[in-house]
Amino acid sequence: MTDFELLTAADVKLMQGLAQRVTATRLDLVNADAAYGELAWIWGLGHAAYGATWPRRLWFAGDGELVAWAWAYLPRQVRRNDGSVREVTGASLTYQIHPDHAELIDEVIDWFDGVAAGLERTVSPSGADTFALKRWAEHGYEPDAEVLADDGDWTQLNERDLADIELPVLPAGFRFVNATEAGPAAAVQAHVDAWSPTGYTAESYEGVRQTPGYRPDLHVLVEAPDGTMAASTIMWLDEANRTVEFEPVGTHPAYRRLGLARAMLLHSLHLARAAGATHATVVCVGAPGDPGARGLYYGLGFREVSRDAPLIKPAC
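Residues numbered from 1 in each chain as written. Predicted model: local features only at pLDDT ≥ 70, side-chain atom pairs only at ≥ 80, totals over all residues. Heavy atoms only, no water.

J.: Lay out the overall build of the chain in plain terms, naming residues and giving numbers.
T.: Secondary structure assignment for the chain yields 10 helices and 16 strands. For the chain, whose C-alpha radius of gyration is 19 Å, the value lies close to the compact-globule estimate of 20 Å for 316 residues. Principal axes of the C-alpha set define a box for the chain whose edges measure 55 × 45 × 40 Å. Residues counted as buried form 51% of the 316 residues belonging to the chain. With the model as given, the accessible surface of the chain reaches about 13900 Å², and the carbon-plus-sulfur share is 51%. Across the chain, 25 positive and 43 negative side-chain charges occur, with their mean positions spaced 3 Å apart. (Helix = DSSP H or I, 4+ residues; strand = E, 2+ residues; numbered from the N terminus. Rg over C-alpha atoms; globule rule 2.2 N^0.38 Å. Buried < 20%, exposed > 50% of the residue type's maximum accessible area, 1.4 Å probe, protein only. Areas by Shrake-Rupley, 256 points an atom, 1.4 Å probe, with all protein chains shown as cover. Lys, Arg positive; Asp, Glu negative; His and termini not counted. Charge placed at Lys NZ, Arg CZ, Asp CG, Glu CD.)

J.: Outline a negative patch on the surface, listing residues and values.
T.: On the surface, Glu120, Glu146, Asp150, Asp151, Asp153 and Asp290 cluster together to form a negatively charged patch. Classification of Asp151 as exposed rests on a relative accessible area of 68%. (Patch = residues over 30% accessible without salt bridge, like charges linked within 9 Å, V, L, I, M, F, W, Y side chains within 5 Å. Salt bridge = Lys/Arg side-chain N within 4 Å of Asp/Glu carboxyl O.)

J.: Outline the pairing of strand 3 (residues 66-73), listing residues and values.
T.: Moving residue by residue along a regular strand, the side chains alternate between the two faces of the sheet. Of all 8 residues in strand 3, 8 are buried, a share of seventy percent or more. By the bridge criterion, 5 bridges tie strand 2 (residues 55-60) to strand 3 in an arrangement that is antiparallel. Within strand 3, the position partnered with Phe60 by the bridge is Leu66. In sequence, strand 2 turns back onto strand 3 through a hairpin of 5 residues, with Gly64 there showing a positive phi of about 90°. The sheet contact formed by strand 3 and strand 6 (residues 91-97) spans 6 bridges and is antiparallel. (Pairing = 2+ DSSP bridges.)

J.: If you had to explain the sheet that holds strand 2 to someone new, which residues and values would you point to?
T.: With mixed pairing, the 7 strands of this open sheet are ordered in space as 1-2-3-6-7-16-8. Lying at the two open borders of the sheet, with one neighbouring strand each, are strand 1 (5-6) and strand 8 (142-143). In terms of strand pairing, strand 6 meets strand 7 (residues 121-123) through 3 bridges, oriented parallel. For Leu93, the partnering residue across the bridge sits in strand 7 and is Val123. In this fold helix 1 (residues 9-25) packs onto strand 1, strand 2, strand 3 and strand 6, with an angle of close to 120° to the strand it touches most, strand 3. Relative to strand 6, helix 4 (residues 130-138) is tilted by about 145°, and along the sheet it contacts strand 6, strand 7 and strand 16 (311-313). (Contact = heavy atoms within 4.5 Å. Axes fitted to C-alpha atoms, helices over the stretch in contact; angles between N-to-C directions.)

This is the structure:
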């Protein structure tokens, strides 16, 4: 394994800046984990527990501007709320390279192969990045057949403009609240209920709240008549590009099929427009075997911009 430095909060701010510049020029090159909001979400919820397994490398241009970064996730234990423990034995990579510096892809690959030597390695470049895909193939990475299967979990990026948004309709007795109104405990429980089993905790939420880009007024929940937080989502506002990203979006199992997610997202889009956004993005599973989320977003006017191209390299 090569020497490396661990990811810091200051690094994440730099990486978000590059995400904004790539979004402004080639949104289709922004893969699922490298978006402005996704970087904040992953860092916030996981750095306290897993930061020691997050090496990174940054590449700067002559003027000192960040033009590429690589963030590896090394083996770790994920403890979940149901008492189970998930052992992550391989390594995965998220990275981003400004289109004007595409040649750095070979350095990114070499660095990842160094820090993850001896481990199975996975990465998901944008399917629109044909140059990078060729370079990954030259380094021994192949399409991940399991992830790309009809019942796999490959993802796609979707976008819509905010010019025309229908009004949300909630069932009687339900209401919209934001994270300040709900309070931290209820916000955490809403996520746990929607995503169980999960490693999300009060500490995770505190990390998210401290992340640059988090706004409690753009953290939207649906409260049921009995006080349960039945659905929730966080919007991440990229002011430079006047766009918001939804991450995550979830509904309590007991309150699904009531139209809550649709109403919550419509309400959120109105809030986003009031905050100055003109576009919204969201990532979802694109595999045919799991059409639920994709159908929800398509029904709200989102359309696919690009999809990830999951790759894998055996341990060596």
